[in-house]
Amino acid sequence: RAKAEGRNGYRFFSPRMQAQSARALALTNALRRALEREQLTLLYQPQVCLNTGAICGVEALVRWNHPELGAIGPAEFIPIAENSGQIVVIGEWVLRTAVAQLKRWHDQGLPPLTMAVNLSAAQFRHPQLPELIAQLLAGHGLPGDRLELELTENVAIDDPEAAAQIMDRMHAQGVRLSVDDFGTGYSSLSQLKRFRIHRLKIDQSFVRDLGHDGNDRAIVIAIIRMAQALGMRTTAEGVETPAQLAFLREQGCEEAQGYHFAKPMPAAALQEALGRAGRH
Ligand code: C2E
Ligand code: MG
Ligand code: MG
Ligand code: MG
């Protein structure tokens, strides 16, 4: 612990830690202006239905194009946004942008799609969230089940009862909830049973080594069987090879996403991919 290392409670940072925190501080400040300067964009990654091979949904993934620092990924700036309290505003922008895009595709007559949006814990717990979602759906005339909110297991750690109530409110609007990175967090099976979960997303760390790790194969099979028994669906994340896909399909996984199908892409590129798929 830094405090124990220094006398009189002073903290000692290594040059590396100093450089990291200097960057984090610079990013925190730059992030405050990123929205108004229109530096955030969404990419969309197809989610493929394994029965039909059709694109049945997309996941919105945020990107930050910083004029000097270049592209900054969400793995770096989402934690910064969470720590600085900016995640609620950024998350609202993501939701608004994603739902507006879903409406545009709907109006263009593309085959029906689900829009999956990642939510941070603070956003999930924010008292205005159910109202925001209701407003967005009603404003665009979209049914709730076209929107899927991706939560991590950790949203329920502190207060499972409160989490269950928020999920009930979402469920009442028809909105679907999925557990992202399933198997890597802290959910208990008793909670999973109680929560209104539509889908488990099998974390890519279990998918990566399916070819040579018997334990990962066993875990993936167990997740799929458990989801089936609980009336939930499964989506495999990070599918990169035909062999992974074949295994998942054989085991009854319903959906998959990953570089094997497509990387996250701008809306226009996704639209083209959908148009091509639709003409088959
Ligand atoms: P996630 O929701 O689990 O998203 C999956 C991540 O894996 C994405 O990284 C995606 O680009 C990447 N990916 C997809 N297919 C493959 C594959 O075949 N191989 C590999 N190696 N990677 C693949 P990305 O876009 O960098 O996002 C990282 C994380 O940042 C997301 O993980 C999510 O937790 C978070 N995130 C992204 N957008 C948002 C957002 O709008 N709001 C919040 N709160 N979090 C977000
Ligand atoms: Mg996700
Ligand atoms: Mg994930
Ligand atoms: Mg994640």
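Residues numbered from 1 in each chain as written. Chains lettered and ligands numbered in written order. Predicted model: local features only at pLDDT ≥ 70, side-chain atom pairs only at ≥ 80, totals over all residues. Heavy atoms only, no water.

In the annotation of an unreviewed UniProt entry, the protein chain is listed under the name GGDEF domain-containing protein and assigned to Pulveribacter suum.

Colleague: Help me out: how do you make sense of the coordination of the magnesium ion (ligand 2) in this one?
Modeller: Note on metal sites: the ideal angle is 109.5 degrees for four tetrahedral donors, and 90 or 180 degrees for six octahedral donors. Within the first shell, the magnesium ion (ligand 2) binds the protein through E59 (OE), N118 (OD1), E150 (OE) and D180 (OD), at distances of 2.0 to 2.2 Å. The metal-metal distance between the magnesium ion (ligand 2) and the magnesium ion (ligand 3) is 4.3 Å, with D180 serving as a donor to both. Of this pair, E59 sits in strand β2 (residues 55-66) while E150 is found in strand β5 (residues 147-152), placing the two residues 91 residues apart along the sequence. Both residues of the pair, E59 and E150, belong to the buried class. (Donors = N, O, S within 2.8 Å, 3.2 Å for Na, K, Ca; no water. Helix = DSSP H or I, 4+ residues; strand = E, 2+ residues; numbered from the N terminus. Buried < 20%, exposed > 50% of the residue type's maximum accessible area, 1.4 Å probe, protein only.)

Colleague: Which parts of the structure should I look at to understand the packing of helix α2 (residues 15-34) against helix α3 (residues 74-83)?
Modeller: Angle between the axes and distance between the axes are the two parameters that describe a pair of packed helices. Orientation of α2 relative to α3, taken along the N-to-C sense of each, is 75 degrees, at an axis distance of 10 Å. Looking at the two axes, α2 sits roughly perpendicular to α3. Of α3, the residues touching α2 (which contributes R23, A24, L27, T28 and L31) are E76, F77, I80 and A81. When the residues that make up the contact of α2 with α3 are grouped by side-chain class, the tally is 6 nonpolar, 1 polar and 2 charged. (Axes fitted to C-alpha atoms, helices over the stretch in contact; angles between N-to-C directions. Parallel < 35°, antiparallel > 145°, perpendicular 65-115°, else oblique. Contact = heavy atoms within 4.5 Å. Nonpolar A, V, L, I, M, F, W, Y, C, P; charged D, E, K, R; others polar.)

Colleague: Looking at this structure, how should I read the environment of G211?
Modeller: Looking at where G211 falls in the secondary structure, it is placed in the loop between α9 (204-208) and α10 (214-229). On the basis of relative accessible area, G211 is assigned to the exposed category, the value being 67%. Each C-alpha atom of the pair G211 and R104 lies 40 Å from the other, and the pair is 107 residues apart in sequence.

Colleague: Quick question: what am I supposed to make of the pattern of salt bridges here?
Modeller: It is possible for side chains of opposite charge to pair when their charged atoms get near one another. Tallying each qualifying case throughout the model produces 9 salt bridges. As a salt-bridge pair, R196 and D168 come within 3.0 Å of each other at their nearest N and O atoms. You can see R196 sitting in the loop between α8 (189-194) and β7 (199-202) and its partner D168 sitting in helix α7 (residues 160-172), a full 28 residues away along the chain. Salt bridges sharing partners connect three or more residues here, namely E59, E150 and K201. (Salt bridge = Lys/Arg side-chain N within 4 Å of Asp/Glu carboxyl O.)

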